[in-house]
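# Examining the three-dimensional arrangement
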Amino acid sequence: MKSKKILLQLDSDRHASSFDAIAAYEAGVDQVLSFGGVGLDDLPKLVYGAVFTRSREALRDTAIYIGGSSVPLGEAMLKTICEKIFFDSKRVSVMADPNGSNTTAAAAVVKIGRVVSLSGKRAVVLAGSGPVGVRTAALLAKEGCHVALTSRRLERAQEARRLVRERFGLEVEPVETRDEAGMRSVLQGADIALGAGAAGAALIHEDLWASNPTLEAVVDTNAVPPLGIGGVDALDNGALRHGKLVFGALAVGLLKMKIHLAALASLFERNDRVLDLEELYEIGKTLE
Amino acid sequence: MKSKKILLQLDSDRHASSFDAIAAYEAGVDQVLSFGGVGLDDLPKLVYGAVFTRSREALRDTAIYIGGSSVPLGEAMLKTICEKIFFDSKRVSVMADPNGSNTTAAAAVVKIGRVVSLSGKRAVVLAGSGPVGVRTAALLAKEGCHVALTSRRLERAQEARRLVRERFGLEVEPVETRDEAGMRSVLQGADIALGAGAAGAALIHEDLWASNPTLEAVVDTNAVPPLGIGGVDALDNGALRHGKLVFGALAVGLLKMKIHLAALASLFERNDRVLDLEELYEIGKTLE
Amino acid sequence: MKSKKILLQLDSDRHASSFDAIAAYEAGVDQVLSFGGVGLDDLPKLVYGAVFTRSREALRDTAIYIGGSSVPLGEAMLKTICEKIFFDSKRVSVMADPNGSNTTAAAAVVKIGRVVSLSGKRAVVLAGSGPVGVRTAALLAKEGCHVALTSRRLERAQEARRLVRERFGLEVEPVETRDEAGMRSVLQGADIALGAGAAGAALIHEDLWASNPTLEAVVDTNAVPPLGIGGVDALDNGALRHGKLVFGALAVGLLKMKIHLAALASLFERNDRVLDLEELYEIGKTLE
């Protein structure tokens, strides 16, 4: 009997995500063990149950997926598992993608990097204080962009800078943008504009980016109308609009899903993978 | 790798029903994702997780089953999912059978219809104000019966009439039956008698139906002793007793289970099936 | 289509044990239905759902596993299911191993019995008032040992004696051991010493058992440092130390796991197995 690929789905929401469970089966997992309402205190028993049950050879057939709508809690879960629970070779591979933030950010930056040389470019992450914004900004900074990260409130943009510094050791520039004039100003001289606002939050009108002479690429990550960036079609996948290469949320989402599935599959190749933002981004670069 | 048949089991009870999960595996489902304690507010995330994960071609390999002991909540869940959450082709097949009420009512009426021509007949649904009673009455009315629905309290019978009107657009006659005389009276001239009372609630004595000159068929849906209709054996499957064709709860239950399994299997033939009472009844008619 | 082996995992903890679920898949179960937060009141619906769904021939493909960290609740669940819920042939096989107490005790006594003739021997179960201690004491008494069971508090040892009497109809001698002198005293003339204390609780120093002239076998069931019995290596599997045969917790644990897996597999051979301590011990005796 072949050893089954078993995935522990640890989710801080009351009901573990049906999306994440179905995605795991799509990725070839044989059995998903779904746990909802998971807090940090629940981790030792759940994780040791995965680590101590199977033989050393079968350990790579067990893996952990951390989801849930709370990104800070998901991050804390990953840190707790890797730093406080695993020890020596007593570990299994683990992937963290709370609220889809890692795979979405990875997909968005991979999309841009395929059409624009990133090093030395000026990138603006609009409404970037949320999890996707912080992660997109970090990846762009890592690729050598000067990144401005905007929020309607300066403190939020500053808090996002702090998160990027602490977690990734990189710098981004916090910018408060209260109105259209602020948006226009921050986009002046920018090469890349990426919308990372909440679902359904309109960020800028079409003419604001269409008339910008320096922008090369425009990306929206919001698939729920009204779109975050006006004039973008959610299906745009490198479409040329007003002389800029445009990516809509569904095109980003399609790559996000491919990264998600490829990452899940790769968990079972070894028992010591840790797939966080950077690793998911690298996986994304290898995909079509 | 073949796409797995995945069923979301949405159950309003704290623990999702083990019966429904096992039945799904019996019906050939590859993976059941069981969710207990589901309320209407939980539906968008759970359902979208099922609708947006797989490719359009694989959508028919995902389906939703609505169970739980609360029939009104199960009905509201079906309505919410079909009318407020699904849109365009973004849907999966769904079956609703809260508390087994739809499959039980469908099986009972299919049984009767196989031995009695229903059109124009007088049917009495005894203790019919519960979910199985309301649904049995509706199906009988739909087949052209004049249906009397009894309850110990007139208001309950009237409320059942209202439910049949609103949900099915059909008429049944509410009758208060406080004692044996009332039962005898409502059965006068009836062709069909069906007991739909709560488990273990005795409704009528054997002589009451045995001595009735017009009754052709007698059906009991209560499998827990004492049976609802005296003198019926739970295993009776069209047995001739006192000149009437008699069906016990286990015979009805066997067909109920066949309908349940066939319906579950049929969910995966398309991605737009909605299997509620009427559809389950039609499936029942096609089964041996 | 082959009938799937389905295991109901009933667990009184909020999250059903990931260890028990993975072990079930390792044992060849096709689908585990995991239920956490299970109380006695939940049992009828959960168990009947397992008993009434499948045909009589397929009943042996469904089984129940009772886990959870509360041993008294696990015992009550087994009793309720077997005595109040199952009836006639309406039953499935069931195994109880709350907190691993049954398989651990069975493995420890099997290990000793393989190197020491148990009948007529004097055995001391150190810190034996917990579930593993009570069960180990019972099995040793059943094999003909005179068993002393120690606790730092006499009442606890007496309560353990009561449990062994009531549940197994056997006698053990309760002994209060407040300090090293007490430990030395109770071990005087003993042939077997077994540590059953809580994880990480040191019970006796190495010299205390090393210098004992009568001891033949020494067993520790605590795998978390500091070990319960000093000078024992957790990997010891019948090692000769100071002239005694020594077993550490990991060697016991390896056999425990084999018993667990073999027991799970045997559930599906019939539909009427009840695997509690005694049966798990018998299974352990048959394993390598």
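Residues numbered from 1 in each chain as written. Chains lettered and ligands numbered in written order. Predicted model: local features only at pLDDT ≥ 70, side-chain atom pairs only at ≥ 80, totals over all residues. Heavy atoms only, no water.

### Side note on the overall build of chain A
- A tally of regular secondary structure across chain A gives 10 helices and 12 strands.
- Relative to a compact globule of 288 residues, whose C-alpha radius of gyration would be 19 Å, chain A shows 19 Å and is just as compact.
- Seen through its principal axes, chain A has C-alpha atoms that stretch 60 × 35 × 35 Å.
- Across the 288 residues of chain A, 57% fall into the buried class. (Helix = DSSP H or I, 4+ residues; strand = E, 2+ residues; numbered from the N terminus. Rg over C-alpha atoms; globule rule 2.2 N^0.38 Å. Buried < 20%, exposed > 50% of the residue type's maximum accessible area, 1.4 Å probe, protein only.)

### Structural notes on the interface of chain C and chain B
- Across the boundary between the two partners, chain C contributes 20 residues, which contact 17 residues of chain B.
- Overall, the association of chain C and chain B removes approximately 1500 Å² of surface from exposure, summing both partners, and the carbon and sulfur fraction of that is 59%.
- Taken together, the links from chain C to chain B amount to three salt bridges.
- As a salt-bridge pair, Arg14 of chain B and Asp42 of chain C come within 2.6 Å of each other at their nearest N and O atoms. (Contact = heavy atoms within 4.5 Å. Buried area = accessible area lost by both parts, 1.4 Å probe. Salt bridge = Lys/Arg side-chain N within 4 Å of Asp/Glu carboxyl O.)

### Digging into the interface of chain A and chain C
- Listed by partner, the interface residues are 20 residues for chain A and 17 residues for chain C.
- Of the roughly 1500 Å² buried between chain A and chain C on both sides combined, carbon and sulfur atoms contribute 58%.
- The largest contributions to the chain A side of the interface with chain C come from Gln31, Lys45 and Thr53 of chain A, which together make up 31% of the buried area.
- Applying the counting rule to chain A against chain C returns three salt bridges.
- Viewed at the interface, chain C and chain A are joined by 10 residue pairs in polar contact (both at pLDDT 80 or more).
- At the level of secondary structure, the elements contributing two or more residues to the side of chain A that touches chain C comprise strand S1 (6–10), strand S2 (31–35) and helix H2 (43–51) of chain A.
- It is H2 of chain A that contributes the most residues to the side of chain A that touches chain C, four residues altogether.
- The residue inventory of the side of chain A that touches chain C, partitioned by class, reads nine nonpolar, seven polar and four charged. (Polar contact = N/O pair within 3.5 Å; in protein donor to acceptor, adjacent residues only side chain to side chain. Nonpolar A, V, L, I, M, F, W, Y, C, P; charged D, E, K, R; others polar.)

### Side note on the sheet that holds strand S6 (residues 146–151) of chain B
Residues and elements named next belong to chain B.
- A sheet is described by the order of its strands in space; here seven strands give the open sequence S7-S6-S5-S8-S9-S11-S10, paired in mixed fashion. Looking along the sheet, the strands with just one partner apiece sit at the ends: strand S7 (173–176) and strand S10 (237–241). Shown here is a sheet whose adjacent strand axes are inclined to one another by a mean of 20°, direction ignored.
- Bridge count for strand S5 (residues 122–126) against S6 is four bridges, and the pairing is parallel. Directly across from Ala123, in S6, lies its bridge partner Val147.
- Here helix H5 (residues 131–142) sits on the sheet and contacts S5, S6 and strand S8 (192–195); the angle it forms with S6, its principal contact strand, is near 165°.
- Set on the sheet, helix H9 (residues 249–267) makes contact with strand S9 (217–220), S10 and strand S11 (244–247); between it and S9 the angle comes to about 75°. (Pairing = 2+ DSSP bridges. Axes fitted to C-alpha atoms, helices over the stretch in contact; angles between N-to-C directions.)

### Observations concerning the environment of Arg165 of chain B
Residue and element names in this part refer to chain B.
- Among the structural elements, Arg165 can be located in helix H6 (residues 154–168).
- According to the relative accessible area criterion, Arg165 is partly exposed, its value standing at 41%.
- Spatially, the C-alpha atoms of Arg165 and Ala138 are 8.7 Å apart, while their sequence positions differ by 27 residues.
- In contact with Arg165, other than residues within four places in its own chain, are Leu170 and Glu171.
- Here Glu171 takes part through its side chain, which lies 2.6 Å from a polar atom of the side chain of Arg165.

### A look at the relation of the copies chain C and chain B
- When chain C is brought onto chain B, the operation consists of a screw motion whose angular component is 120° and whose axial shift is 0.0 Å, with 0.0 Å RMSD remaining. One copy is carried onto the other by what is essentially a three-fold rotation axis. Among all residues of chain C, the one whose C-alpha sits closest to the rotation axis is Gln31 of chain C, at a distance of 4.8 Å. (Least-squares fit on C-alpha atoms with pLDDT ≥ 70 in both.)

### Here we look at helix H7 (residues 180–187) of chain B
All names here are of chain B.
- Inspection of H7 places Gly182, Met183, Val186 and Leu187 among the buried residues, and these make up the whole buried set. The buried residues of H7 all sit within an arc of 125° when viewed along its axis, so they share a single face.
- Taken together, the buried residues of H7 touch S5, S6, S7, S8 and helix H8 (206–210).
- Remark: Gly189 follows H7 within two positions and exhibits a positive phi of approximately 80°. (Arc of directions from axis to C-beta.)

### Some details on the packing of aromatic side chains
- Inspection of the entire model under this criterion finds eight aromatic pairs over all chains.
- Both rings, one in Tyr48 of chain B and one in Phe52 of chain B, keep their centres 5.4 Å apart while their planes meet at 35°; by these two values the pair is tilted.
- In this structure Tyr48 of chain B comes out as partly exposed when scored by relative accessible area, which is 27%.
- An aromatic cluster of three or more residues is present, and its members are Tyr48, Phe52 and Phe87 of chain A. (Phe/Tyr/Trp six-rings, centres within 6.5 Å; stacked < 30°, edge-to-face > 60°.)

### Observations regarding the packing of helix H4 (residues 101–115) of chain A against helix H5 (residues 131–142) of chain A
Residues and elements named next belong to chain A.
- The geometry of H4 relative to H5 is characterised by a closest axis approach of 8 Å and an angle of 40° between their N-to-C directions. Taken together, the axes of H4 and H5 are oblique relative to one another. Crossing hand, H4 versus H5: right-handed. Between H4 and H5, the contacting residues are Ser101, Asn102, Thr104, Ala105, Ala106, Val109 and Ile112 on the first element and Pro131, Val132, Arg135, Thr136, Leu139 and Leu140 on the second.
- The residue makeup of the contact of H4 with H5, split by class, is eight nonpolar, four polar and one charged. (Parallel < 35°, antiparallel > 145°, perpendicular 65-115°, else oblique. Left-handed = near helix turned anticlockwise from the far one by under 90°.)

### A short note on unusual backbone geometry
- For Asp88 of chain B, which is not a glycine, the phi torsion comes out positive at approximately 45°.
- Structurally, Asp88 of chain B can be placed in the loop between helix H3 (71–85) and strand S4 (93–96).
- On the basis of relative accessible area, Asp88 of chain B is assigned to the exposed category, the value being 67%.
- Positive phi, close to 60°, is recorded for Asn99 of chain C, a residue that is not glycine.
- Position of Asn99 of chain C relative to the elements: it lies in the loop between strand S4 (93–96) and helix H4 (101–115).
- Relative accessible area serves as the criterion here: at 52%, Asn99 of chain C is assigned to the exposed category.

### Observations concerning the relation of the copies chain A and chain C
- Its rotation angle being 120°, the transformation that places chain A on chain C also includes 0.0 Å of axial translation and leaves an RMSD of 0.0 Å.
- The share of interface residues of chain A whose copies in chain C are also at the interface is only 5%, consistent with the copies meeting through different surfaces.

### Concerning the side chain of His260 of chain C
- Tracing the backbone shows His260 of chain C in helix H9 (residues 249–267).
- When residues no more than four places from it in sequence are discounted, the contact partners of His260 of chain C are Phe19, Asp20, Ala23, Tyr65, Met95, Asp97 and Thr103 of chain C.

### Observations concerning the nonpolar core
- With 83 residues, the main nonpolar core has Leu10 and Ile64 of chain C as its most contacted residues.
- Setting aside residues up to four positions removed in sequence, Ile64 of chain C forms contacts with Leu7, Leu8, Leu10, Val47, Ile81, Phe86, Val92, Ser93, Val94, Met95 and Leu267 of chain C.
- Among the nonpolar cores identified, the runner-up in size contains 82 residues, and Ala21, Ala24 and Leu118 of chain A together with Phe35 of chain B belong to it. (Core = buried A, V, L, I, M, F, W, Y, C linked by side-chain atoms within 4.5 Å.)

### Here we look at the domain arrangement of chain A
- Domains assigned within chain A are domain 1 (6–96) and domain 2 (103–252).
- The C-alpha centroid of domain 2 of chain A is placed 31 Å from the C-alpha centroid of domain 1 of chain A. (Domains from an automatic or database assignment.)

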